[in-house]
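Architecture at a glance
Each chain, written out:
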Amino acid sequence: MSDTFTFAQLVLLVGAVGLLALLSNRLTERIRIPAPLLVLVAAAVAVQVIPELHRPPELLVERLVTLALICILFDGGLHLGWPKFRAAAAPIAIVGVLGTFLTTAVAAAFIHYAFGLSWFLALLVATAISPTDPAVVFSVLGRREVAGRSGTILEGESGANDPVGIALMASLIAAGGISTGAFGQIAGEFALQMGIGAAVGVLGGRALLWFMRAVPLPSEGLYPLRTAACALILFGAATLAHGSGFLAVFVAGILLGDERAPYKREIERFHSALASLGEIVAFVVLGLTVDLAELTHADVLIPGLVTGAVLAAVIRPVFVGLCLISARLRSNERNFVLFAGLKGAVPILLGSFILAEQVPDAERLYGIVVVVVLFSVLLQGSLVPTVARLLRLPMRVVEPEPWAIGVRLRNEPEGVHRFTVTAGAPAHGHRIDELHDLPEDAWISFVVRDDRLLPVRGDSLLQAGDEVLVLADPSLRDRLVATFNG
């Protein structure tokens, strides 16, 4: 009975923590402090004041956070999708790879000369604090969605620089130091991980798409579980082949993002929920590893705060800004991307790698990484809405849409087209019966305006922003695009 009682207490605690973590998102809308920070700090405080809680082993932390990141990156790829990624592929690749290397190199030089750490230790810390996390940015923005390519670049950059940072840290730790030979080993190992990870992601994503379409399952609830299992398989296969499993699942998610497949909406919702759960698990587990007393030491707090400030105010704006020159963003979009490179779970995970390897002064180095993350999330993160407003960054408010209408079909529909009417298009400002360019065999079945379903009649006037569902032969799509999108 005592074991049952203890287990019940554990279940109660897990449920309470999960519920509070979910509710913290509502609190974020009021106080403008990202929800992940609240979860991290709460876990760090709890492990100090509750005697039954203990700091988890580094290996357990690494495995739990790795599983969480698989879920987060796969969902990030699904949300991004190939069309959005392709429109900003060049800046995403340049910022995610070259920008990460430049940030790491310059930050390492600063840490070495400013605080006297050896080059190797400075490089480890710099590698840990280089990856970014757009989930923190979007957490403080709440229901406001960034318009244009800046939001896409932030999402894509994080998906790219997380695998880059993890692969670089693994290569550095495997090399064990810095020398001419070590640099060659690091470069070779990094290139191998990125190449194999990308190849497994592309091939695996295509194979998974075929699998989703060609092999039916007996129950609707099994379809999301299949994609989750396949994402784990892709990660494991890429890792066993000495590639980046994180890059593999991110690339596979991108390739699946806008493709049609049975129960696709249910699959996307499942992975979105799984990613949210993964984020909670990651920050709770990482919070349990933080020693608040260690963070107050001058040789931890001061280097962490100074490095965080220099990283945010100098290193990222200058060197990532150079990477964005060719992107031809508007000045307000570029400045927002440069400011909003916030840190999240991955830097703390990389810091835990330093702990696990027991490098010299590992506890201090880990503390510096945590302070940099806290500075970035608390100070930078809380200013994101203000900066977006000052930059007059185009945004739209995304209201929740808890109600949906739809039909289920046994076979894949071939002639269903969905458009959003754009300003200046032939359909804009015209009645349905005035759309002379609309093919005769095309049928407008739904019109949604301001989240309301409108009756479809000949005298219905179409406006910019209306969502239109059209039934027509697939070969007519180009003519339909010209009508509704110009």
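Refer to the preceding data block for the structure.
Residues numbered from 1 in each chain as written. Predicted model: local features only at pLDDT ≥ 70, side-chain atom pairs only at ≥ 80, totals over all residues. Heavy atoms only, no water.

**Points about the packing of aromatic side chains**
Condition: Ring pairs shown here join Phe, Tyr and Trp side chains whose ring centres sit within 6.5 Å, with only the six-membered ring taken for Trp; geometry is labelled stacked below 30 degrees between planes, edge-to-face above 60, and tilted in between. Exposed residues in this analysis have more than 50% of their type's maximum accessible area, buried residues have under 20%, and partly exposed residues fall in between, with area computed by a 1.4 Å probe over protein chains only. Going along the chain from the N terminus, every DSSP run of H or I of four or more residues is numbered as a helix, and every run of E of two or more is numbered as a strand. We call a charge positioned above a ring when the Lys NZ or Arg CZ atom is no farther than 6 Å from the ring centre and deviates by at most 35 degrees from the ring normal.
Counted under the stated rule, the structure contains seven aromatic pairs. Relative to tryptophan 119, the ring of tyrosine 113 lies with its centre 5.6 Å away and its plane at 90°, an arrangement referred to as edge-to-face. Classification of tyrosine 113 by relative accessible area gives exposed; the value is 65%. With a centroid separation of 5.5 Å and 15° between ring planes, the pair formed by phenylalanine 419 and phenylalanine 484 is classed as stacked. With phenylalanine 419 in strand E3 (residues 416–420) and phenylalanine 484 in helix H17 (residues 477–485), the pair connects residues that are 65 residues apart, well separated along the chain. When sorted by exposure, phenylalanine 419 lands in the same class as phenylalanine 484, which is buried. Between the NZ or CZ atom of arginine 226 and the centre of the ring of phenylalanine 211, over which it lies, the distance is 4.8 Å.

**Some words on the nonpolar core**
Going by this rule: For the purposes of this section, nonpolar cores are sets of buried Ala, Val, Leu, Ile, Met, Phe, Trp, Tyr and Cys residues that join through side-chain atoms within 4.5 Å.
Among the nonpolar cores identified, the biggest contains 108 residues, and Val65, Phe74, Leu124 and Phe336 are the most heavily contacted of them. The greatest single-element share of this core, amounting to 13 residues, is contributed by helix H16 (residues 362–390). Listed in part, the 16 residues of the second largest apolar core include Leu435, Ile444, Val447 and Val468.

**Quick notes on the side chain of serine 171**
To keep it simple, the criterion reads: Side-chain atoms alone can form a polar contact between residues adjacent in sequence; in general such a contact is a pair of N or O atoms within 3.5 Å, and within protein one must be able to donate a hydrogen while the other accepts it. We call two residues contacting when some pair of their heavy atoms lies within 4.5 Å.
Relative to the helices and strands, serine 171 is located in helix H7 (residues 149–175). In this structure the side chain of serine 171 is engaged in a polar contact, spanning 2.9 Å, whose partner is the backbone oxygen of alanine 167. Each residue touching serine 171, except ones within four places of it in the same chain, is listed here: Ile186, Glu189, Phe190 and Gln193.

**Description of the environment of leucine 383**
Among the secondary structure elements, leucine 383 is positioned in helix H16. Along the backbone, leucine 383 and isoleucine 33 are 350 residues apart, and their C-alpha atoms lie at a distance of 9.0 Å.

**Brief notes about the environment of leucine 59**
Note that leucine 59 resides in helix H3 (residues 58–87). Spatially, the C-alpha atom of leucine 59 lies 9.1 Å from that of phenylalanine 353, the residues being 294 residues apart in sequence.

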